[in-house]
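Observations on chain architecture
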Amino acid sequence: NTKPPRVFPRDSARSPEPGPTATPPMPSTSSSSSSSSQAQKKPAKRTEAQIQQKVNELVQFLLVKDQKKLPIRRADMVKTILQDYKDLASVIIERAGRILEEVFGLQLREIDQKYHAYILINKLERLEGDGMKMDESVAKMGLLMVILSLIFMKGNSARESLVWDVLKKLRVDPEKRHKTFGDVKKLVKDEFVRQKYLEYNRVPHTEPPEYEFLWGPRAAHETSKMQVLRFVAKIQNREPSSWVSQYNEALQDETASASAAGTGN
Amino acid sequence: MGEAGERGGERQEAGNREGSITMASSMTDSHRRFLQVLMSNGIIDAAEARRLHRFFCEQHKVYYAHDKLDDFIGIINTYLRPLFMEIRKGRSEDNGKIFYALVNLAITEATKVASDYAENELELFKKTMDLIVESESGYASSTNILNLSDKLQSKKMRKKEVEHVLQKFVQDKWLSERHGEYTLHTRCIMELDQYICETYQDVKKCNICHSLAIQGQFCETCGIKMHLPCTAKYFKSQPEPRCPHCNDIWPHDTRDLVQPDSHLSPRIPRTPRRISSSEPK
């Protein structure tokens, strides 16, 4: 399920611009596509090189910020990097996104239109023997996978109490300190939620209040309903299609994301 | 650095190259994967780099030749440099082995660290680096580093905190530790060698390989310094151990200098970025 490769115009493509070049020039590799004279808002005194410099700084900023997997707000980008290039924020963010994808295989996605929060999604699937670091975060992702499965199989939401029960059955007691996960409740309710893997909401009209978990936007980007269903099927040694409604939903989801990828996003 | 592709020896000429595919100068998924591994690990040894080079090229069906690893990395670097990063090739001072590390072409020595470390932690790093670089052996004892705790200008730390931060430095591959002694991690030297040379006027270069020498042996007569692996290699072919510079008797033991590999031991790592999909295939 690799996505079709998208060809990006080289980011170095820039019209020759008079004036000081404060930045090191972008590498001139081969004769890739060059003339991307997009009609951008042309601000008064900024050279293309200065804008490129901001783009490059933003890329590094996003990479550093992404290490904790927390969403990055546009306001933070403006405050730390863009500063008086604020009026060009959209253009610069978009170009930074193109570099992240072209060079690092990471996709910059806006997951919250209201607060303009962004996350980076790895477009490359993990492979057996791909050399990526194995650590406790791999175990955390395993735990997350269990919770995502539960949510999906229960019709896209799962009560908090149910989640804790299931984890307890798997010998991950949320009341006790776990040797890999530490405070399990905190990891699930706090870390996974802040990283946008999960959503944690009050169930309407419950008194005393009850809470439920849903998939967060990052989960939908990094995995898929079909992948989760296959995971469940493997554990239970059944065919994915034996869960009729989940299977159909996962198929629909696949078709939808395939057509979304086809249209370029 | 900068030598042509090392032969692993184990690999024959790659049998059937996919000759029709030209050596592309743009990034492919094989390059991106290679880069992601370096982002995730910080540093990898040459054997792992060769394995991944081959694996990723085959995986993504792009041109592969076993002796073209450095060209492959060169392409990544043309894209990385404008982003203030670079994949560098260097040698471990412990064992002389080749490593590849992702480094920041930082303006200050700590652009990278700065994002994650507090100001007094950075100061601790700087002072630890002073101790290491200005020592003869290239090591600073944990006792001496712990004693820095109340010498910090920015904000004093308790000894316990210093211990904790030291661990973090080791995890993040700024320092490596052996028997309670700390030295600069290979990755740190690869990243900061220029900074170190500019900052410490007295810092020595290795008389054999001419790169920065933190750990090594000194000539007590003329003062030249040599890396341990360079020393071992050099004296192996000499009838008796004499300083290559002043020809005086070399006053140190020159055998068994090369430590067993210290950088390959598992360390506590950074995050991979993706939900590991349950099924490899």
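Residues numbered from 1 in each chain as written. Chains lettered and ligands numbered in written order. Predicted model: local features only at pLDDT ≥ 70, side-chain atom pairs only at ≥ 80, totals over all residues. Heavy atoms only, no water.

**Some details on the overall build of chain A**
Rules: Helix and strand labels come from DSSP, where a helix needs a run of H or I of at least four residues and a strand needs a run of E of at least two; each type is numbered from the N terminus. Only protein chains enter the accessibility calculation, which uses a 1.4 Å probe. A residue is then buried if its area is under 20% of the maximum for its type, exposed if over 50%, and partly exposed in between. Whether two residues are in contact is decided by their heavy atoms, any of which lying within 4.5 Å being enough. Shrake-Rupley sampling with a 1.4 Å probe provides the accessible areas, and residues are treated as covered by the protein chains on show and by no other component.
Regarding its fold elements, chain A presents nine helices and eight strands. A buried classification covers 46% of the 265 residues belonging to chain A. Put simply, 57% of the contacts in chain A that link residues at least 6 apart link residues at least 24 apart. Surface exposure of chain A reaches about 14,100 Å², of which carbon and sulfur atoms provide 51%.

**Some details on the sheet that holds strand β2 (residues 106-112) of chain A**
All names here are of chain A. Which entries qualify depends on this criterion: In short, DSSP must find at least two bridges between two strands for them to pair.
Strand order in the open sheet made by the three strands is β1-β3-β2, with antiparallel pairing throughout. The open sheet has two free edges, formed respectively by β1 (72-73) and β2, since each of these has just one partner strand. Relative to strand β3 (residues 117-122), β2 runs antiparallel, the two being bridged by six bridges. In the strand pairing of β3, Gln107 is matched with Ile121.

**Observations concerning the pattern of salt bridges**
All names here are of chain B. Heads up, the condition is: A pairing counts as a salt bridge when a side-chain nitrogen of Lys or Arg comes within 4 Å of a carboxyl oxygen of Asp or Glu.
Applying the stated criterion across every chain yields a total of 29 salt bridges over all chains. Measuring nitrogen to oxygen at the nearest pair gives 3.0 Å for the salt bridge that ties Glu58 to Arg54. Of the two residues, Glu58 and Arg54 both sit in helix α2 (residues 46-59), four residues apart, roughly one turn of that helix. A salt bridge links Glu240 to Arg242; the shortest N-O distance between them is 2.9 Å. On the basis of relative accessible area, Arg242 is assigned to the partly exposed category, the value being 28%. Here the salt bridges share partners, and the residues they tie into one network are Arg81, Glu86, Arg88 and Asp193.

**Here's the deal with the pairing of β3(A)**
All names here are of chain A. For β3, the tally of buried residues reaches six of six residues, placing the bulk of the element in the interior. By the alternation rule, side chains of β3 split into Ala117, Ile119 and Ile121 and Tyr118, Leu120 and Asn122, which are all buried. Bridge analysis of β1 against β3 gives two bridges, and the strand direction is antiparallel. The partner of Ile72 across the bridge, within β3, is Tyr118. Joining the antiparallel neighbours β2 and β3 is a turn of four residues, in which His116 adopts a positive phi near 50°.

**Considerations on the UniProt feature "domain: MAGE" (unreviewed entry) in chain A**
The condition that has to hold: UniProt positions are given in the numbering used here, feature names are shortened, and annotations may be inferred rather than shown by experiment.
As annotated in UniProt, the feature "domain: MAGE" (unreviewed entry) corresponds to residues 51-250 of chain A in the numbering used here. Structurally, residues 51-250 of chain A comprises 52% helix and 16% strand, and the distance from its first C-alpha atom to its last is 42 Å.

**Quick word on the domain arrangement of chain B**
Residue and element names in this part refer to chain B. Condition: Segmentation into domains, and thus their bounds, comes from an automatic or database assignment. For any pair of parts, buried area is found by adding up, for both, the accessible area (1.4 Å probe) each one loses once the two are put together. Definition of a polar contact: a pair of N or O atoms within 3.5 Å, with one able to donate and the other able to accept a hydrogen when the atoms are protein atoms, and with sequence-neighbouring residues admitted only if both atoms are side-chain atoms.
Here chain B is described as being made up of domain 1 (29-104), domain 2 (111-202) and domain 3 (204-259). With centres defined by C-alpha atoms, the gap from domain 1 to domain 2 works out at 27 Å. Of the residues lining the interface, 16 residues belong to domain 1; the matching set on domain 2 comes to 11 residues. Across the domain 1 to domain 2 interface the summed buried area is about 1,000 Å²; carbon plus sulfur atoms make up 53%. Together, Ile43, Arg88 and Asn104 form the three largest contributors to the area buried by domain 1 at its contact with domain 2, with a combined 42%. In this assembly, domain 1 and domain 2 are joined by two salt bridges. The partner of Arg178 in a salt bridge is Asp94, and the shortest N-O contact between them spans 3.4 Å. If you look at where domain 1 meets domain 2, you find six residue pairs in polar contact (both at pLDDT 80 or more).

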